[in-house]
Amino acid sequence: MIQYVVYNSPDDFPGRFVVRQWDVSANGLEPMESWDFETLDDARAHIPDGFVCINRHYSDELCIVETWI
């Protein structure tokens, strides 16, 4: 299953919004691609149609904004 995680200013992209694509399988999470953007709206526009937004869980890293599954 593919999921997209939106980050706000992660350590490797300070001051940017980042979308990371992950492959979720029985073997765990495998990173695929990532893109960086100036705004949250630009980052969200990169998420393909058909994905559903899940708000950040309280135990997620603080830089995680949301996850799209």
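Quick summary incoming for the structure in this document. Since the model is a prediction, treat every value here as computed from it, not as a measurement.

Looking only at helices and strands, the chain has 1 helix and 5 strands in total. Listing every helix and strand of the chain by position from the N terminus yields β-β-β-α-β-β. The C-alpha atoms of the chain give a radius of gyration of 11 Å, which matches the 11 Å a tight globule of 69 residues would have. With respect to the principal axes defined by its C-alpha atoms, the chain has extents near 35 × 25 × 20 Å. Looking at the chain as a whole, 29% of its 69 residues are labelled buried. In the chain, the share of contacts with a sequence separation of at least 24, taken over all contacts with a separation of at least 6, comes to 30%. Total accessible area computed for the chain in this model is approximately 4600 Å², and 51% of it derives from carbon and sulfur atoms. Charge centroids of the chain, computed over 4 positive and 13 negative side chains, lie 6 Å from each other.

What follows deals with the pattern of salt bridges. Inspection of the entire model under this criterion finds 3 salt bridges. Residue Asp-12 is joined to Arg-20 by a salt bridge in which the shortest nitrogen-to-oxygen separation is 2.3 Å. Residue classification places Asp-12 among the partly exposed positions, given a relative accessible area of 47%. The buried category is assigned to Arg-20, whose relative accessible area is 16%. Across the pair Arg-16 and Asp-36 runs a salt bridge whose closest N-O atoms are separated by 2.9 Å. One end of the pair, Arg-16, is in the loop between β1 (2-8) and β2 (17-25); the other, Asp-36, is in strand β3 (residues 28-37), and 20 residues separate them in sequence. By relative accessible area, which is 33% here, Asp-36 ends up partly exposed.

This part takes up the nonpolar core. Counting 8 residues, the largest nonpolar core is built from Tyr-4, Val-6, Phe-17, Val-19, Phe-37, Ala-43, Ile-47 and Trp-68. The set of elements that each furnish at least two residues to this core consists of β1 and β2. With residues up to four places along the chain from it excluded, the contact list for Ala-43 reads Val-6, Phe-17, Val-19 and Phe-37.

Calculation notes
Residues numbered from 1 in each chain as written. Predicted model: local features only at pLDDT ≥ 70, side-chain atom pairs only at ≥ 80, totals over all residues. Heavy atoms only, no water. Helix = DSSP H or I, 4+ residues; strand = E, 2+ residues; numbered from the N terminus. Rg over C-alpha atoms; globule rule 2.2 N^0.38 Å. Buried < 20%, exposed > 50% of the residue type's maximum accessible area, 1.4 Å probe, protein only. Contact = heavy atoms within 4.5 Å. Areas by Shrake-Rupley, 256 points an atom, 1.4 Å probe, with all protein chains shown as cover. Lys, Arg positive; Asp, Glu negative; His and termini not counted. Charge placed at Lys NZ, Arg CZ, Asp CG, Glu CD. Salt bridge = Lys/Arg side-chain N within 4 Å of Asp/Glu carboxyl O. Core = buried A, V, L, I, M, F, W, Y, C linked by side-chain atoms within 4.5 Å.

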